[in-house]
There are 2 protein chains.
Amino acid sequence: MTGGLVAQSSVGPRRLTTQRQLVASALHEAGRTVSAAELFAGLRGNNPRIGRATVFRTLDLLVEIGLAQRFEGDGHVYLYTSCAPIHHHHLVCRVCGGTTDIDDAEVDALIRSVHRRHDFVLDHASLDFYGTCSSCPAAK
Amino acid sequence: MTGGLVAQSSVGPRRLTTQRQLVASALHEAGRTVSAAELFAGLRGNNPRIGRATVFRTLDLLVEIGLAQRFEGDGHVYLYTSCAPIHHHHLVCRVCGGTTDIDDAEVDALIRSVHRRHDFVLDHASLDFYGTCSSCPAAK
DNA sequence: ATCCTAACTGATACTCGGTATCGTTAGCCG
DNA sequence: CGGCTAACGATACCGAGTATCAGTTAGGAT
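For every chain, the first residue of the written sequence is number 1, and numbering continues from 1 along that sequence. Following the order in which they are written, the chains are lettered starting with A and the ligands numbered starting with 1. Under the rules for a predicted model, residues below a pLDDT of 70 receive no local features and side-chain atom pairs below 80 are neither given nor counted, while totals for whole chains, interfaces and linings still include all residues. Think of the side-chain values as coming from all heavy atoms in the structure, minus any hydrogens and water.

Next up on the list: the relation of the copies chain A and chain B. The copies were overlaid with a least-squares fit restricted to C-alpha atoms from residues scoring a pLDDT of at least 70 in each copy. When chain A is fitted onto chain B, the two copies agree to an RMSD of 0.1 Å after a turn of 180 degrees and an axial shift of 0.0 Å. These values place the two chain copies in the arrangement generated by a two-fold rotation axis. Distance from the rotation axis, computed per C-alpha, reaches its smallest value in chain A at A:H76: 2.3 Å. Note on definitions: a residue-residue contact is assigned when non-hydrogen atoms from the two residues lie within 4.5 Å. Of the interface residues in chain A, 100% have counterparts in chain B that sit at the interface too, so the contact is made through matching surfaces.

See the structure below:
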């Protein structure tokens, strides 16, 4: 693994601040997809001295270095989930916000097939699927 | 086919207004994914008497009756494309905005497989893929 | 240990896509 | 034609995300 909260030459040094640790651990402890606003509200509850902008900035950073993944939420909201810094695909439940990893091979087969048949390069980052997991009522 | 611009009992009568025809034809003539704002700007150029809210309302309506499809744009923007009122999946090029239909069978196989293996009901509406088509430089 | 500097922060103002409201306009059925 | 009411345009509003900026602080240099 090459990244982390403290890194790296080409973009300038990064600093491990308490706010960043707070955001990262809050995201990790959530254990499901959460919105930036949700995370901010939770963090404010415990520690009033953290700014809204900082939460957005830190989430961007976490995504950039691969410690979080960003999803499209329903109403123009970004949702985030903590994840290992290797690429994989997700099933995202629209009801409970839970995520499940998908077998890469399955999806990669589709990607190859699509590429072969349509001359189209899929953007892996967006290959996440949305639906309802079995333990949720089909609310909506 | 059961829907159209003029329909239907259970939700009350719908009216075929000039604005709706304008929006629908503008979307159809675009021949690619467009944002509501883009569509609004184009329509205003030709006909100053059309409201922003009407464009949003009409696009919602078109999606509802199946004459348009909504995609997640990049920065919390909805993108729309005109389409036949039957369900199918798309490849959406992030560079040129073009769309290509995907063979349903291919995707349905993945859906079935995912459902069998993960107890997860995929929401068909969101099964659109984003990437770069072969005729676009990999800008970004 | 302390100093220095630039990365980082919180507060706040802003942008902008989408929605709600409301008085007016105009389909469509009789 | 006349009336009912869906749909309209203008405008105010909302809320997520971004930009700005003066103050703060991590962390390497001394």
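Moving on: the nonpolar core. Buried Ala, Val, Leu, Ile, Met, Phe, Trp, Tyr and Cys residues form a nonpolar core when they are joined through side-chain atoms within 4.5 Å. We call a residue buried when its accessible area falls under 20% of the maximum for its residue type, exposed when it is over 50%, and partly exposed in between, using a 1.4 Å probe and counting protein chains only. Judged by nonpolar contacts, the single largest core of 26 residues is most densely connected at A:L122, A:F129, B:L122 and B:F129. Secondary structure follows DSSP: runs of H or I at least 4 residues long count as helices, runs of E at least 2 residues long count as strands, and numbering of each begins at the N terminus. Of all the secondary-structure elements, those providing two or more residues to this core are β4 (89-93), α4 (104-118), β6 (120-122) and β7 (129-133) of chain A together with β4 (89-93), α4 (104-118), β6 (120-122) and β7 (129-133) of chain B. Ignoring anything within four residues of it in the chain, the contact list for A:L122 reads A:I111, A:V114, A:L127, B:L91, B:F129, B:Y130 and B:G131. Listed in part, the 16 residues of the second largest apolar core include A:L39, A:I50, A:L62 and A:A68.

Residues and elements named next belong to chain A. Each reported salt bridge corresponds to a side-chain nitrogen of Lys or Arg within 4 Å of a carboxyl oxygen of Asp or Glu. Counted by the stated rule, this structure contains six salt bridges over all chains. Linking E64 and R14 is a salt bridge whose minimum nitrogen-to-oxygen distance equals 2.8 Å. Placement of the pair is E64 in helix α3 (residues 52-65) and R14 in the segment before α1 (18-30), with a sequence separation of 50 residues. Using a relative accessible area of 55% as the deciding quantity, one classes E64 as exposed.

Our focus in this paragraph is the packing of aromatic side chains. Any two of the Phe, Tyr and Trp rings considered here, Trp counted by its six-membered ring, make a pair once their centres fall within 6.5 Å; the pair's planes then place it as stacked at under 30 degrees, edge-to-face at over 60, or tilted in between. Evaluated as defined, the whole model comprises zero aromatic pairs over all chains. By the criterion adopted, a ring carries a charge over it if an Arg CZ or a Lys NZ lies within 6 Å of its centre and within 35 degrees of its normal. The side chain of B:R70 reaches across the aromatic face of B:Y78, ending 4.7 Å from its centre.

UniProt positions are given in the numbering used here, feature names are shortened, and annotations may be inferred rather than shown by experiment. Per the UniProt record, "binding site: Zn(2+)" (unreviewed entry) is annotated on A:C93, A:C96, A:C133 and A:C136. These annotated residues cover 44 residues of sequence, and their C-alpha atoms all fall within 8.5 Å of one another, placing them together at a single site. Turning to its location among the elements, A:C93 is positioned in strand β4. Other than its neighbours up to four places away in sequence, A:C93 contacts A:G98, A:G131, A:T132, A:C133, A:C136 and B:F120. Tracing the backbone shows A:C96 in the loop between β4 and β5 (99-102). Residue A:C96 is classed as partly exposed on the basis of its relative accessible area of 35%.

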